[in-house]
Every structure is written in C-alpha cells, then in structure tokens.
Amino acid sequence: MTTFGFLHTADIHVAVFDHLLLDISPADRAVHMVDASLLTDAIERHGVDDDLLTRIGTHLLDLRHRGAVRVVCTCSTIGASSEEVGRTLGLDVTRVDRAMARTAVRGGDRIAIVAALESTMGPTRALLAETAQAERRRVQLVDAPCLDAWSHFASGNHDGYFAALAAHLASIDASVDVIVLAQASMAPVQDLVALNSIVLSSPRLAVEDLVNR
C-alpha cells in the first residue's frame, strides 16, 4: 500500500480525490490537508508571497509526516508554488493540472483556458505554454474566463456553478479544439456538455499520473 497526499483549498475536493484513488488504485490510501485561507490570501495578495510559501511548506511536511510519498496540490492558483516549495524540501509535489496540460497540448492547436477565478488564469496559461514548448507543439492559447460563475461556488450553489460553466463552454465550443477546465472544482461540468471540442478537467488525470509515476 502506498500513501498519497493531497493539499486542498476547499473541503469539497477531499471526497472527490478519495473516490478517484479508490477507483484507480484501491490498494492505496490518501491523506488530506485542507486550508482555504491559502487561496483566499493568494487572491487578496495578488500572488503567493513568502508567508504563503511558508504555510504551504508546513502543510507539505505534515503530509509527509503522515506517510505521503507523493503529493498533489489540487489548487491551480498555488500549484506552481507548491511544486517549488516541494523541490526545496526534497518532496515529490505535483500541481493538479500538470497531466491535463500535457493532454491538452497533444489534443489540438487552439486551446481555451476556462477559469472562474482570475488568479487561476495566469498560472494555467504559463503551464500550458511551458508544456507546449516541452512537447514541441505550436498552440494558440485562448483566455476564456467565466468569472461570474465563482459567486455560485462561493455561496455553495454548486448546481448554479456547473450550469453557468456549461453554458459558457457551449458558447466557445465552435472556436477552439480543446477546452481546459482550469480548476479542479469544474470537473463535473464534463458530464453536462456534449461538445465538438475536447473538454479536459484535471482530477482524474492527476490521480492516474500520481499512481503511475
């Protein structure tokens, strides 16, 4: 049995990743750390500062002490910073959207980035650009935020959140080859739409990569 760690900024992700790990690799176990203030503070401070880096490091070390051999940060806003902190601590940490980015740049030339938080757009765009360069793929990245949807998620209206995102995806479908759902919380929207473009979300791809590495 292998223990995998998950660093979250929303409680909703605990059950999602528990279920995915049980489905993909039932012999393994998950340990979780949830700290919503990491995302809240990153938004308010327009980025990840030294204080946030320190707090991320504390959580990663806690996950290691609880047996985690590899960790996924499920928040795209702080994902790159979590990987950076992990390297300094000698921990194997991967952002949740890294495997999705590889799939996206291999899937088409025009890639839409859909996020409900402005703070997620920049990190996701940077990851896709970095991944395209590594894969030697020329792609067009299209910013397609759906910022009005976030108020539904923040208030606990998940059905409203998913419905707003689904309508948004339908509106951009004809103009792109691949749609990247930049936040892990968006994954259920895949089951609500039937589009011509490829719609990708990060959770399952991240857990598959976590188990197979």
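These numbers come from a predicted model, not from an experiment.

*Asks:* Give me the lowdown on helix H9 (residues 203-212), citing residues and values where you can.
*Replies:* An α-helix turns once every 3.6 residues. As a result, residues three or four positions apart point the same way. Regarding H9, the residues found buried are Pro203, Ala206, Val207, Asp209 and Leu210. Take H9 and look down its axis: the buried residues cluster within an arc of 160 degrees, on one side only. In this fold, the buried residues of H9 make contact with strand S1 (3-8), helix H1 (12-24), strand S3 (70-73) and helix H5 (98-107).

*Asks:* Give me empty space enclosed by the protein: which residues, what numbers.
*Replies:* This structure, assessed with the given rule, holds one cavity of 30 Å³ or more. Taken together, Val72, Thr94, Arg95, Val96, Ala99, Ala206, Asp209, Leu210 and Arg213 form the lining of the largest cavity. Elements represented by at least two residues in the lining of the largest cavity include exactly strand S4 (93-95) and H9. In terms of residue count, the dominant contributor to the lining of the largest cavity is H9 (three residues).

*Asks:* Tell me what's going on with the sheet that holds S4, and back it up with residues and numbers.
*Replies:* Note on sheets: strands pair through backbone hydrogen bonds, and any given pair is parallel or antiparallel. Spatially, S2-S1-S3-S4 is the arrangement adopted by the four strands of the open sheet, whose pairing is parallel. The open sheet has two edge strands with one neighbour each: strand S2 (29-34) and S4. Neighbour-to-neighbour, the strand axes of the sheet open up by a mean angle of 25 degrees, direction not taken into account. Note that S1 and S2 share six bridges and pair parallel. Residue pairing for S2: Thr3 is matched across the bridge by Arg29. Packed onto the sheet, helix H3 (residues 50-65) meets S1, S2, S3 and S4 and runs at close to 155 degrees relative to S1.

*Asks:* Before we move on, can you summarise the packing of aromatic side chains with the specific residues and values?
*Replies:* Using the criterion set out here, one finds five aromatic pairs in the structure. Ring geometry for Phe153 and Tyr161: centres 4.9 Å apart, planes at 50 degrees, overall tilted. You can call Phe153 buried: its relative accessible area is 11%. Clustering of aromatic rings is evident, with ring pairs tying together Trp150, Phe153, Tyr161 and Phe162.

*Asks:* Before we move on, can you summarise the sheet that holds strand S7 (residues 178-181) with the specific residues and values?
*Replies:* Read from one edge of the open sheet, four strands run S6-S5-S7-S8, paired in parallel fashion. The open sheet is flanked by strand S6 (140-143) and strand S8 (198-200), the only strands paired with a single partner. Each strand axis lies, on average, 25 degrees off the axis of its neighbour in the sheet, ignoring direction. H5 rests against strand S5 (110-114), S7 and S8 of the sheet, and its axis sits at about 165 degrees to S7. Along the sheet, helix H6 (residues 118-135) makes contact with S5, S6 and S7, crossing S6 at roughly 170 degrees.

*Asks:* Can you break down unusual backbone geometry residue by residue, with the values?
*Replies:* At His46, a residue that is not glycine, the phi angle is positive and equals roughly 60 degrees. Within the element layout of this structure, His46 appears in the loop between helix H2 (36-44) and H3.

*Asks:* Explain the layout of surface pockets to me, using residue names and the numbers behind them.
*Replies:* Approximately 270 Å³ is the volume attributed to the largest pocket. The wall of the largest pocket is formed by 15 residues, among which Val16, Ala184, Ala187, Pro188 and Pro203 lie closest to the centre. Among the secondary structure elements, those contributing two or more residues to the lining of the largest pocket are H1 and H9. Residues that form the lining of the largest pocket fall into these classes: nine nonpolar, four polar and two charged. Lining the second largest pocket are 15 residues, with Thr9, His13, Leu39, Trp150 and Gln183 sitting closest to its centre. Secondary structure elements with two or more residues in the lining of the second largest pocket: helix H4 (76-89) and helix H7 (150-154). Residues belonging to the lining of the second largest pocket are distributed by class as follows: seven nonpolar, eight polar and no charged.

Rules behind the numbers
- Residues numbered from 1 in each chain as written.
- Predicted model: local features only at pLDDT ≥ 70, side-chain atom pairs only at ≥ 80, totals over all residues.
- Heavy atoms only, no water.
- Buried < 20%, exposed > 50% of the residue type's maximum accessible area, 1.4 Å probe, protein only.
- Helix = DSSP H or I, 4+ residues; strand = E, 2+ residues; numbered from the N terminus.
- Arc of directions from axis to C-beta.
- Contact = heavy atoms within 4.5 Å.
- 1 Å grid on protein atoms, 1.4 Å probe; cavity = no way out; pocket = protein on both sides within 12 Å on 5 of 7 lines; lining within 4 Å.
- Points joined across faces, edges and corners; volume = space filled by probe spheres on them.
- Pairing = 2+ DSSP bridges.
- Axes fitted to C-alpha atoms, helices over the stretch in contact; angles between N-to-C directions.
- Phe/Tyr/Trp six-rings, centres within 6.5 Å; stacked < 30°, edge-to-face > 60°.
- Nonpolar A, V, L, I, M, F, W, Y, C, P; charged D, E, K, R; others polar.

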